[in-house]
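# A structural walkthrough
Next come the chains, spelled out residue by residue.
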Amino acid sequence: EAAAEVLSSADPYFQIGADVYGFVAPGGSCPPVVTICDDTDDNPIQAALDKLLDLNSLPDDGKIIVEAGSYKGFEISGFDKDALDGADELTIEGAEVGDTPEIWGDIEIHDNDLNIKLKKLLLDGDDVIDIYNNNGNLTLEDVEVDGWGYDECSDAISIKNHTGDVTLDNVTAEDHCYD
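Residues numbered from 1 in each chain as written. Predicted model: local features only at pLDDT ≥ 70, side-chain atom pairs only at ≥ 80, totals over all residues. Heavy atoms only, no water.

Attention now goes to the overall build of the protein chain. The number of helices and strands found in the protein chain is 2 helices and 12 strands. Taking all 179 residues of the protein chain together, the buried fraction comes to 45%. Looking at the protein chain as shown, the accessible area adds up to about 8,800 Å², and 41% of this sits on carbon and sulfur atoms. (Helix = DSSP H or I, 4+ residues; strand = E, 2+ residues; numbered from the N terminus. Buried < 20%, exposed > 50% of the residue type's maximum accessible area, 1.4 Å probe, protein only. Areas by Shrake-Rupley, 256 points an atom, 1.4 Å probe, with all protein chains shown as cover.)

Ranked by size, the top nonpolar core spans 34 residues in total, and within it F74, I76 and L118 carry the most contacts. A total of 5 residues in this core trace back to one element, the largest contributor, which is helix 2 (residues 44-55). (Core = buried A, V, L, I, M, F, W, Y, C linked by side-chain atoms within 4.5 Å.)

This part covers empty space enclosed by the protein. In the structure shown here, the tally under the stated rule is 1 cavity of 30 Å³ or more. Taken together, I109, L114, I116, I131, N134, G136, N137, L138 and H162 make up the lining of the largest cavity. Among the residues forming the lining of the largest cavity, the class breakdown is 5 nonpolar, 4 polar and no charged. (1 Å grid on protein atoms, 1.4 Å probe; cavity = no way out; pocket = protein on both sides within 12 Å on 5 of 7 lines; lining within 4 Å. Points joined across faces, edges and corners; volume = space filled by probe spheres on them. Nonpolar A, V, L, I, M, F, W, Y, C, P; charged D, E, K, R; others polar.)

On to unusual backbone geometry, then. Of all residues except glycine, most have a negative phi; of all peptide bonds, most are trans. The phi angle at N56 is positive, at roughly 55°, despite the residue not being glycine. Inspection of the secondary structure puts N56 in the loop between helix 2 and strand 4 (63-66). The class of N56 is partly exposed, set by a relative accessible area of 41%. The backbone of D111 sits at a positive phi, close to 55°, despite the residue not being glycine. Structurally, the position occupied by D111 is in the loop between strand 7 (102-110) and strand 8 (115-125). Classification of D111 as partly exposed rests on a relative accessible area of 40%.

Joining two cysteines, a disulfide is a covalent bond between their sulfur atoms. In this structure the tally under the stated criterion is 1 disulfide. Linked covalently through their sulfurs, C30 and C37 form a disulfide whose S-S length is 2.2 Å. The S-S bond linking C30 to C37 shows a torsion near 75°; that makes this disulfide right-handed. Judged by relative accessible area, C30 falls into the buried class, the value being 18%. According to the relative accessible area criterion, C37 is partly exposed, its value standing at 38%. (Disulfide = S-S within 2.5 Å.)

The subject of this paragraph is helix 2. Taking 1.5 Å of rise per residue, the 12 residues of helix 2 would be expected to cover 16 Å, and the 16 Å separating its terminal C-alpha atoms lies within 8% of that figure. All of the buried residues along helix 2 are P44, I45, Q46, A47, A48, L49 and L52. On the buried face of helix 2, the contacting elements are strand 1 (13-16), strand 2 (19-23), strand 4, strand 5 (70-77), strand 6 (89-94) and strand 7. Once helix 2 finishes, N56 follows within two positions and takes phi at roughly 55°, a positive value. (Expected span 1.5 Å × (residues − 1). Contact = heavy atoms within 4.5 Å.)

All quantities given are derived from atomic positions and should not be read as evidence of function.
Here it is, written out as structure tokens:
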């Protein structure tokens, strides 16, 4: 909890044991509380997810916290609870303090065997949440998808081939089609 209070200006971060991992775009810097700072990827949320896969672990509290700002879309794929020492939920959550993080790009969630939660996120633009081939509970909470397309229409949120409960809490999804 102390890490969350000090990281008011950081980009995505999570904690495993004594290490606090922070992810910033190239040229950015992490606050002193971050013990492992990654500034090598211009997509910090994806870098955080990739690091978890590399570590074959999940954060202690199951959460990647995302501070206010604009981010590229990301992909959650390949997480298997059986390989994660019993951890069974991954949450991508906008920080409690500050504006809702804006995602500019699609979010794809596929081929996971894990409970997944998206909380306090805004997709704004020609962007969608595409969810398929997952096993585990799925929760979208305080999520807004304001999608629009130029030449074709698509679903703002698409869920296919999903095994597990699906919970939508305070979710707004709009499709806009322009020909």
